[in-house]
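Here is how the chains run, residue by residue.
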Amino acid sequence: MSMDLVVSRSMRPLLLAALAVATAGCAAVNARLAQDARVAPAVRQASFDHQCPQERISVLRHTANWLSLELDVCGRTRRYQFVGEGPDNAPGAIYVDTTDGRSSDPRANASP
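Right, let's walk through the structure included here. This structure is a prediction, so every number in the text was calculated from the model and none was measured.

All right, on to the environment of Trp66 then. Within the secondary structure layout, Trp66 lies in the loop between strand 1 (57-62) and strand 2 (68-73). Considering only alpha carbons, one finds Trp66 and Arg38, 28 residues apart in sequence, at a separation of 7.1 Å.

Here is the structure:
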């Protein structure tokens, strides 16, 4: 016995609208996951640098390419700069705190 789905003509617009909403929702979730993947290394570093739980760190602003972030770290605004990828034995983005204008990491102070 075949169980084909039959959609009446009057239901098609409603079905298409529901499909569009579901697709948009998936796109928003994917964008959020991509953002989290870019922000996570900076949040981990800020948490370590300032002894602040990651749950209390949020993004206030960022550049379009996510290379510079302004974070709220336990109520204090801190600026983090992407300086490169980690070595093969510790892959991942490396961010340093540049709030005070200079960093202890020489990669953040290098001229382009």
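Once that is clear, we can look at the pattern of salt bridges. Two side chains that carry opposite charge are able to pair once their charged atoms sit near each other. One pass over the structure, following the stated rule, counts four salt bridges. Here Arg79 makes a salt bridge to Glu70, at a shortest N to O gap of 3.4 Å. Since its relative accessible area comes to 41%, Arg79 is described here as partly exposed. Residue Asp97 pairs with Arg78 through a salt bridge whose shortest N-O separation is 2.9 Å.

Here we take up the sheet that holds strand 4 (residues 93-97). Strands belonging to one sheet form pairs held by backbone hydrogen bonds; the direction of such a pair is parallel or antiparallel. If you walk across this open sheet you meet the four strands as 1-2-3-4, and the pairing is antiparallel. Two strands lie at the open edges of the sheet, namely strand 1 and strand 4, each paired on one side alone. Taken pair by pair, the neighbouring strands of this sheet meet at an average axis angle of 40°, ignoring direction. The sheet contact formed by strand 1 and strand 2 spans five bridges and is antiparallel. The partner of Ser58 across the bridge, within strand 2, is Asp72.

Attention now moves to the nonpolar core. Ranked by size, the top nonpolar core spans twelve residues in total: Val39, Ala42, Val43, Ala46, Cys52, Ile57, Trp66, Leu69, Leu71, Val73, Tyr80 and Tyr95. Listed by contribution, the elements that provide at least two residues to this core are helix 1 (12-50) and strand 2. Ranked by residues supplied to this core, first place goes to helix 1 with four residues. Setting aside residues up to four positions removed in sequence, Tyr80 forms contacts with Gln45, Ala46, Asp49, His50, Leu67, Ser68, Leu69, Leu71, Tyr95, Val96, Asp97 and Thr98.

According to the stated counting rule, one finds one disulfide in the structure shown. Residue pairing for Cys52: its cysteine sulfur links by disulfide to Cys74, the two sulfurs lying 1.9 Å apart. Its S-S torsion of about 95° marks the bond between Cys52 and Cys74 as right-handed, since a negative value means left-handed. Taken together, the positions of Cys52 in the loop between helix 1 and strand 1 and Cys74 in the loop between strand 2 and strand 3 (76-85) put the pair 22 residues apart, joining distant regions of the chain. Given the relative accessible area of 2%, Cys52 is considered buried. Exposure remark for Cys74: the relative accessible area of 24% places this residue in the partly exposed category.

How each quantity is defined
- Residues numbered from 1 in each chain as written.
- Predicted model: local features only at pLDDT ≥ 70, side-chain atom pairs only at ≥ 80, totals over all residues.
- Heavy atoms only, no water.
- Helix = DSSP H or I, 4+ residues; strand = E, 2+ residues; numbered from the N terminus.
- Salt bridge = Lys/Arg side-chain N within 4 Å of Asp/Glu carboxyl O.
- Buried < 20%, exposed > 50% of the residue type's maximum accessible area, 1.4 Å probe, protein only.
- Pairing = 2+ DSSP bridges.
- Axes fitted to C-alpha atoms, helices over the stretch in contact; angles between N-to-C directions.
- Core = buried A, V, L, I, M, F, W, Y, C linked by side-chain atoms within 4.5 Å.
- Contact = heavy atoms within 4.5 Å.
- Disulfide = S-S within 2.5 Å.

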